[in-house]
Amino acid sequence: MGAGSSVTPRDDMHLVIVGGGYAGSYFAVQMIKSGLCKVTLIDGRDAMFHSVGALRTVVDEDYFKYLFIPYDKMLGDSFTQGEVSDLDTASKTLTLKDGKTVTYTHLVIATGSSSSAFPSKMAVDTSVEEAKKLYSEYRKEVVAAKRVLMVGGGAVGVELAGEIKTEFPDKEVTIVSSSDFLVTTRTKPAFQKNIMDCLVKKNITVIMNDRVSNLDDLTLNKHVEGQVVKTTGGKELTADLVVPCTGITVNNQFFKQALAGALTESGTLEVNEYFQVKGHKEIYAMGDVTNVNEEKMAYTAKIHADLIKSNLLAEASDQTRKPYPGARVAMVVPVGRTGGAGQFMGMQLGDFAVKMFKAEDLFAKSIWSDLGMKLPQ
């Protein structure tokens, strides 16, 4: 049942979404279009942060205009700015840090996760103007450094290495990964070979199965000429800019106590095949905050949002809900704007396909369009 289907509005239903990332924002827009009920999205920022494009902004000042999508233009009166500090499931009430309360009949938690630090993520209390200044200053750090070292071989480390090396081919760029794989283990072995080949082709040094041992002694994300980076394998590497690209934390602060019975060891929420949180049929979760065993990406979060929307509309019309079948592995990793490696439906994607699909604009056009917004010129 889609957004264009006939639906009887429910005046007694208030759908509240906490978290305005890819999943929450897209879901809010789709539910408003459906006309089913009153919708409120709550987020601490005044604009959605297009984090997929954050690393391009490190080397390309002009990309910044795509990075923040204003909630007021996206959602109008359906947006409330604030940080949720408490959840009372008995009274179905959310309390914001400023003391304001919001009641719901249906709650969707889409708070996502946070990685180690800027530049891939942004603190929730950072204004757009502050963010612009941060990226401008960080760009100067990158320009000044002749040798850049990424700590971590996940998507952030690989993509940032590619962005820097593509824009500044004369710089020495190194990735140190503690694992024996890059980005993910969910793809076929061919993907690992292809992503490594892309990095080697760009003369990016990759050190696997080794860990930086003196991270606490290093100055991170600042240009400091000639820092010595030591590894547990006995290597000593010289870098002028050391960038931490590890660590993912689920944003679960406001519901830790109220939903303790559904919290997993990793801090995610246990959900059923309809994304309902364990023990709470009118509380849903989507995206990174769920315990669904799959790659956590904007792509999968959108699939979650579409399913929850369809099931809410089906439920309102006394129709049968559909369970989540799982998402196909779809991994596209740019190594700079000219290409990269990917896998979709088991097929391997080369430079041209990756460039056309993602690397060229990092989904800016499609993300803005999905949210009913016109891409800035």
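Chains are numbered independently. Their residues run from 1 in the order of the written sequence. Residues qualify for local features only when their pLDDT is at least 70, as the model is predicted, and side-chain atom pairs are given and counted only at 80 or more; totals for whole chains, interfaces and linings, by contrast, use all residues. The side-chain values count all of the structure's non-hydrogen atoms but skip hydrogen atoms and water molecules.

Caption draft 1: Region of the structure containing the sheet that holds strand 6 (residues 84–88). Here, any two strands with at least 2 DSSP bridges between them count as paired. Secondary structure counts use DSSP, requiring at least four H or I residues in a row for a helix and at least two E residues in a row for a strand, with both numbered from the N terminus. One open sheet accounts for 3 strands, arranged 6-7-8; its pairing is antiparallel. Of all the strands in the sheet, the pair left with one neighbour each is strand 6 and strand 8 (101–103). Here the average twist between neighbouring strands, direction ignored, is 20 degrees. The pairing of strand 6 with strand 7 (residues 93–96) spans 4 bridges and is classified as antiparallel. When the sheet's bridge partners are listed, Val84 is paired in strand 7 with Leu96. For helices, the fitted line uses only the C-alpha atoms of the stretch in contact; every axis is such a line through C-alpha atoms, and the angle between N-to-C directions lies from 0 to 180 degrees.

Caption draft 2: Highlighting the packing of aromatic side chains. Stacked, tilted and edge-to-face are the three classes assigned to paired rings of Phe, Tyr and Trp, where Trp is represented by its six-membered ring and a pair needs centres within 6.5 Å; plane angles under 30 degrees give stacked, over 60 edge-to-face, the rest tilted. By the definition in use, this model includes 10 aromatic pairs. Measuring from ring centre to ring centre gives 4.6 Å for Tyr71 and Phe79, while their planes differ by 25 degrees; the resulting arrangement is stacked. Taken together, the aromatic side chains of Phe49, Phe64, Phe68, Phe118, Tyr135 and Tyr138 make up a single cluster linked through ring pairs. Over the face of the ring belonging to Phe168 we find Lys171, whose NZ or CZ atom lies 5.0 Å from the ring centre. Positioned above the aromatic ring of Tyr274, the side-chain terminus of Arg321 is 3.9 Å from the ring centre. Two conditions define a charge sitting above a ring: the NZ of Lys or the CZ of Arg must be within 6 Å of the ring centre, and it must be within 35 degrees of the ring normal.

Caption draft 3: Broad picture of a nonpolar patch on the surface. By definition, no residue in a patch forms a salt bridge, and every one has over 30% relative accessible area; like charges are joined within 9 Å, nonpolar side chains (Val, Leu, Ile, Met, Phe, Trp, Tyr) within 5 Å. Surface accessibility in these figures is a Shrake-Rupley result with a 1.4 Å probe; residues are shielded only by whichever protein chains are displayed. When a carboxyl oxygen of Asp or Glu is within 4 Å of a side-chain nitrogen of Lys or Arg, the pair counts as a salt bridge. There is a patch of nonpolar side chains on the surface, built from Tyr299, Phe344, Met345 and Met347 and spanning about 380 Å² of accessible area. Here Met345 shows up in the loop between strand 21 (340–344) and strand 22 (347–349). For Met345, a relative accessible area of 46% gives the class partly exposed. For every residue, the accessible area obtained with a 1.4 Å probe (protein chains only) is divided by the maximum for its type, and the residue is called buried under 20%, exposed over 50%, and partly exposed between those limits.

Caption draft 4: Quick peek at the nonpolar core. One finds Phe27, Leu94, Ile109 and Met150 to be the most contacted residues of the largest nonpolar core, which totals 104 residues. At 7 residues, the largest contribution of residues to this core is made by helix 1 (residues 22–34). What marks off one domain from the next here is an automatic or database domain assignment. Looking at which domains feed residues into this core, each of domain 1 (14–44 + 82–115 + 248–327) and domain 2 (128–247 + 329–366) supplies at least three. Contacts between residues were defined by any pair of non-hydrogen atoms, one from each residue, lying within 4.5 Å. When residues no more than four places from it in sequence are discounted, the contact partners of Met150 are Gly157, Leu160, Ala161, Ile164, Val173, Thr174, Ile175, Val176, Val243 and Cys245. Nonpolar cores are built from buried Ala, Val, Leu, Ile, Met, Phe, Trp, Tyr and Cys residues. Side-chain atoms within 4.5 Å join them into one set. If you look at the next biggest cluster of nonpolar residues, it comprises 10 residues, including Leu149, Leu218, Ala239 and Val242.

Caption draft 5: Up close: the pairing of strand 1 (residues 14–18). For strand 1, the tally of buried residues reaches 5 of 5 residues, placing the bulk of the element in the interior. Here strand 1 shows no split at all, with His14, Val16 and Val18 on one side and Leu15 and Ile17 on the other all buried. Here strand 1 pairs with strand 2 (residues 38–43) via 5 bridges, running parallel. Residue pairing across strands places His14 opposite Lys38, the latter belonging to strand 2.

Caption draft 6: Quick peek at the environment of Leu94. By secondary structure assignment, the location of Leu94 is in strand 7. On the basis of relative accessible area, Leu94 is assigned to the buried category, the value being 0%. Along the backbone, Leu94 and His223 are 129 residues apart, and their C-alpha atoms lie at a distance of 43 Å.

Caption draft 7: Structural detail: helix 4 (residues 128–144). With 17 residues, helix 4 ought to run about 24 Å at 1.5 Å a step, and its terminal C-alpha atoms sit 25 Å apart, in line with that. Inspection of helix 4 places Ala131, Tyr135, Tyr138, Arg139, Glu141 and Val142 among the buried residues, and these make up the whole buried set. Viewed end-on, helix 4 has its buried residues packed into an arc of 155 degrees, placing them on one side of the element. Structural note: helix 4 exposes Glu129, Lys133 and Lys140 on the side pointing more than 90 degrees away from its buried face. Turning to helix 4, the residues buried within the fold contact strand 3 (47–49), helix 2 (54–59), strand 4 (68–70), helix 5 (155–167) and strand 16 (241–244). The span you would expect from a helix comes to 1.5 Å times its residue count less one. Along the arc lie the directions from the helix axis toward the C-beta atoms.

Caption draft 8: Local environment of the pattern of salt bridges. Under the criterion given, the structure shown has 16 salt bridges. A salt bridge links Glu141 to Lys222; the nearest nitrogen and oxygen atoms lie 4.0 Å apart. With Glu141 in helix 4 and Lys222 in the loop between strand 13 (205–207) and strand 14 (227–230), this residue pair connects regions lying 81 residues apart in the sequence. Residue classification places Glu141 among the buried residues on the basis of a relative accessible area of 17%. Its relative accessible area of 46% is what places Lys222 among the partly exposed residues. Salt-bridge contacts for Asp240 lead to Arg147; the nearest nitrogen and oxygen are separated by 2.7 Å. Of this pair, Asp240 sits in the loop between strand 15 (236–239) and strand 16 while Arg147 sits in strand 11 (residues 147–151), and the two are 93 residues apart along the sequence. According to the relative accessible area criterion, Asp240 is buried, its value standing at 2%. For Arg147, a relative accessible area of 23% puts it in the partly exposed group. Each of the salt bridges in this network shares a partner with another, and the network as a whole consists of Asp60, Glu167 and Arg337.

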